[in-house]
Amino acid sequence: MNIIELKNITYKYSVGTPFEAVAVDNVTLTVEKGEFCGIIGHTGSGKSTLIQHLNGLVKPTLGEVYIDGQNIWSKDTDIREIRFKAGLVFQYSEHQLFEESVYKDIAYGPKNMGLSEEETDKRVHYAAQSMGIGDELLERSPFDLSGGQKRRVALAGVIAMEPEILILDEPAAGLDPIGRESVLSRISDYHKKNGTTILLVSHSMEDIVKYAEKVLVMNKGKVFCHAPTDEVFARQDEIVGIGLDVPQITKVTMKLKEKGIDLGSDIYTVERAKERILQYKAKGSIC
Amino acid sequence: MLKDITIGQFFPGNSLIHRLDSRFKIIMDIAYVVMLFLTSNYIGLAAAGLFMILIYVMSGVGLGLVFKSLRPIMPLIAITCILNLFFIKGDGEPLVNLWGFITIYTEGITTSVFMAVRIMFLIIGMSLLTYTTSPIALTDAIERLLSPLKKLHFPVHELAMMMTIALRFIPTLIEETDKIMAAQKARGANLDTGGLIKKAKALIPVLIPLFVSAFKRANELALAMECRCYRGGEGRTRMKQLHSGAKDYIALLIMALMIAELVLLNIYVPYLGIPYITP
Ligand SMILES: Nc1ncnc2c1ncn2[C@@H]1O[C@H](COP(=O)(O)OP(=O)(O)O)[C@@H](O)[C@H]1O
Ligand SMILES: [Mg+2]
């Protein structure tokens, strides 16, 4: 079943001023329930704008958005219901923290949903635990935490709403390698455990290939391709062509191919590269 | 969205209006206001309007923007209109007379139309100053125009610097407000409905993060300025000097002629004048 369906979405910023700009250009897209989709593209390719369509924060200039089969801009849709269904975490989400304690901040979303104290409490603890926020942090002020901790609190604030779709805009941006890993692997674990549909926007190909099952490549406001990771990487030359980075290991195998050692064009993890190199050696060729 | 507010924005360009010396532009902006308030008849008002449109066309700033800039002050215009409509008493019979205490006279209608048009011209014309002048040029000009006050130990430079910084950060703050509002809406915040107190309470999750980041930014900026040895206006020179030339004096002369023309119109065409509006 398709949980997200976008039909010919176009979005323009600042219509009628000299700054008018097309950010999303005639995008048609479907996302299946339970999919972990990585979204990648240049800065300014329209990723952030696109995902804000999914919970009705921006209204498409043209086109229709269906969430769970429901047209979100039809008259009888309550847009707040959609926002609870499609939880969106913004880039640098730690800027949204405002409560006096971590607990209260995570509880803000569930409270807005009108949940009971009991249910809220349960969800806050579950969300905090999923994001690796220990109980001892819950009573601290969110402003006293480290950058990585703040980020995870902000994520927990959205996860606590238990949305069916979790949309994350560069959740690891600006964190150190350990912080990145701790955020991304927790999101991946959460996906595995709860089967939530996840859309993960990222700059880094390495992160996407490590966690996502499908990849959506955006280029200049258009969908360049949306396919399983393998298929996308079969087109690695085109991806390099539109100026996107590929994982380092892919760069290595591309160079090897130029030198006549073809290990296949679907390599984007070190494990697979190792496998192929061993196969290649077993066949008794150079290397 | 908040971003659609255009008052005070700068639209870079290279028109003659953009290139005029910013000091002259400020003086002409003030002269324009004076001119509008001196006018007391329709011909004068129309002349001022035509003059303004001509300058807009020269500046290359789209007229679509003009209407956008008017939207926030529409309530003000409406109130002015209504007050004038009901409270101005004319000499003849009232046009409308409801139960003896709500009366509308012809004079009331003409006055309120005149006032509304005048306020619109005022806003549209004054907006052009910021549309065509970069914030830096604007504050430079203010500093230069106010510099005589330095003799009275008035902190002119500091004031100008504060204005520059404030102007520079308005778009940043607006953008940030937009972002934080969107983030809280994504968590189900209800910012638009409910009574006044409920609305004010709903703003807390927006205001706190906004203040936190504004203070942080101010702190960082102060540090960065100190690192580059900023220590106030004493002995400070500029990279870009303001230069005035023939075009600026000509523009000023045209402005003066406009005012003279309107004053003459007031005197010699009084029969088209509006009672109750005296220059
Ligand atoms: N608030 C805004 N106002 C005007 N233009 C914007 C705004 N936000 C983004 N844009 C423009 O829309 C395009 C897409 O931006 P965005 O969706 O943020 O891309 P990405 O997230 O892929 O970097 C860019 O060209 C950007 O300049
Ligand atoms: Mg972005």
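Residues numbered from 1 in each chain as written. Chains lettered and ligands numbered in written order. Predicted model: local features only at pLDDT ≥ 70, side-chain atom pairs only at ≥ 80, totals over all residues. Heavy atoms only, no water.

1. Observations concerning the overall build of chain A
To keep things clear, this is the line we draw: Per the convention used, a helix needs a DSSP run of H or I reaching at least four residues, while a strand needs a run of E reaching at least two, with both numbered from the N terminus. For this measure, only C-alpha atoms enter the radius of gyration; the expected value for a globule follows 2.2 Å times N^0.38, where N is the number of residues. Each residue is placed in one exposure class: buried if its accessible area under a 1.4 Å probe, protein chains only, is under 20% of its type's maximum, exposed if it is over 50%, and partly exposed if it falls in between. For this analysis, residues touch if any pair of their heavy atoms sits within 4.5 Å. The accessible surface values rely on the Shrake-Rupley method and a 1.4 Å probe; as for residues, cover is taken only from the protein chains in view. Positive charges come from Lys and Arg, negative ones from Asp and Glu, while His and the chain ends are left out of the count. To locate a charge, take NZ of a lysine, CZ of an arginine, CG of an aspartate or CD of a glutamate.
Of regular secondary structure, chain A possesses 11 helices and 10 strands. Relative to the compact-globule value of 19 Å for 287 residues, chain A shows a C-alpha radius of gyration of 21 Å, a close match. By principal-axis analysis of the C-alpha atoms, chain A measures approximately 65 × 50 × 40 Å. For chain A, the residues scored as buried account for 52% of the 287 residues in total. Intrachain contacts of chain A at a sequence separation of at least 6 include 64% that bridge at least 24 residues. Total accessible area on chain A is roughly 13,200 Å²; 49% of this is exposed by carbon and sulfur atoms. Computing the positive centroid from 35 side-chain charges and the negative centroid from 42, chain A places the two 5 Å apart.

2. Focus on the domain arrangement of chain A
All names here are of chain A. As a reminder, the rule being used: For every domain, the bounds stem from an assignment made automatically or drawn from a database. Summed over both partners, the accessible surface that disappears when two parts come together, traced with a 1.4 Å probe, is what is meant by buried area. Here, a salt bridge means any Lys or Arg side-chain nitrogen found within 4 Å of an Asp or Glu carboxyl oxygen. Polar contact is defined as a pair of N or O atoms within 3.5 Å, subject to the rule that within protein one atom must be able to donate a hydrogen and the other to accept it, and that residues adjacent in sequence are counted only when both atoms are side-chain atoms.
As assigned here, chain A comprises domain 1 (2–246) and domain 2 (247–287). Each side of the interface is counted separately: domain 1 has 12 residues, and domain 2 has 9 residues. With both chains or domains summed, domain 1 and domain 2 bury close to 1,000 Å², and 59% of this area falls on carbon and sulfur atoms. Its largest share of buried area at the contact with domain 2, domain 1 owes to Asp230, Gln236 and Val246, together 47% of the area lost on that side. Applying the counting rule to domain 1 against domain 2 returns 2 salt bridges. Arg272 is the partner of Asp230 in a salt bridge, and the nearest nitrogen-oxygen pair spans 3.1 Å. Taken together, domain 1 and domain 2 are joined by 4 residue pairs in polar contact (both at pLDDT 80 or more). If you list the elements that add at least two residues to the side of domain 1 that touches domain 2, you get helix H7 (205–211), helix H8 (229–234) and helix H9 (236–241).

3. Remarks on the site of ligand 1
Selection criterion: Whether a residue is near a molecule or strand is decided by its heavy atoms; if any one of them lies within 4 Å of it, the residue is near. Here the term charged refers only to Asp, Glu, Lys and Arg, the term nonpolar to Ala, Val, Leu, Ile, Met, Phe, Trp, Tyr, Cys and Pro, and the term polar to all other amino acids, Gly among them.
Taken together, 11 residues surround ligand 1, and among them A:Gly44, A:Gly46, A:Lys47, A:Ser48 and A:Thr49 come closest. Chain contributions to the surroundings of ligand 1 come from chains A and B. Within the contact set of ligand 1, a nitrogen atom lies 3.4 Å away from a side-chain nitrogen or oxygen of A:Tyr13. A distance of 2.9 Å separates an oxygen atom of ligand 1 from a polar backbone atom of A:Lys47. It is helix H1 (residues 47–52) of chain A that provides the largest number of residues to the shell around ligand 1, a total of 3 residues. Looking at the shell around ligand 1, its residues break down into 2 nonpolar, 7 polar and 2 charged.

4. As for helix H9 (residues 196–227) of chain B
As a reminder of what qualifies: Expected helix span is computed as 1.5 Å times (number of residues minus one).
Taking 1.5 Å per residue, 32 residues should reach 46 Å; H9(B) reaches 45 Å between its end C-alpha atoms and fits that length. Of all the positions in H9(B), only B:Ala202, B:Pro205, B:Val206, B:Pro209, B:Leu210 and B:Ser213 are classed as buried. On its buried face, H9(B) is in contact with helix H3 (102–112) of chain A together with helix H8 (156–186) of chain B. One or two steps after H9(B), the chain reaches B:Cys229, where phi turns positive at roughly 65 degrees.

5. Here's the deal with the domain arrangement of chain B
Residue and element names in this part refer to chain B. For chain B, the domain assignment lists domain 1 (2–146 + 242–268) and domain 2 (153–227). On a C-alpha basis, the centroid separation for the pair domain 1 and domain 2 is 30 Å. Across the boundary between the two partners, domain 1 contributes 9 residues, which contact 12 residues of domain 2. Taking both partners together, domain 1 and domain 2 bury about 950 Å²; carbon and sulfur atoms supply 76% of that area. For the pair domain 1 and domain 2, the interface holds 0 salt bridges. Linking domain 1 with domain 2 are 2 residue pairs in polar contact (both at pLDDT 80 or more).

6. Quick notes on the packing of helix H4 (residues 63–70) of chain B against helix H6 (residues 106–132) of chain B
Residue and element names in this part refer to chain B. Heads up, the condition is: Axis definition: a line fitted to C-alpha atoms, limited for helices to the stretch in contact. Angles are taken between N-to-C directions and run from 0 to 180 degrees. If you view the pair so one helix is near and one far, a crossing is left-handed when the near helix is turned anticlockwise from the far one by less than a right angle, and right-handed when it is turned clockwise.
One can describe the packing of H4 onto H6 by two numbers: an axis separation of 10 Å at closest approach and a directional angle of 115 degrees. Seen along the crossing, H4 lies across H6 with a hand that is right-handed. Residues Leu65, Val66, Ser69 and Leu70 of H4 pack against Met120, Ile123, Ile124, Ser127 and Tyr131 of H6. Partitioning the contact of H4 with H6 into residue classes produces 7 nonpolar, 2 polar and no charged.

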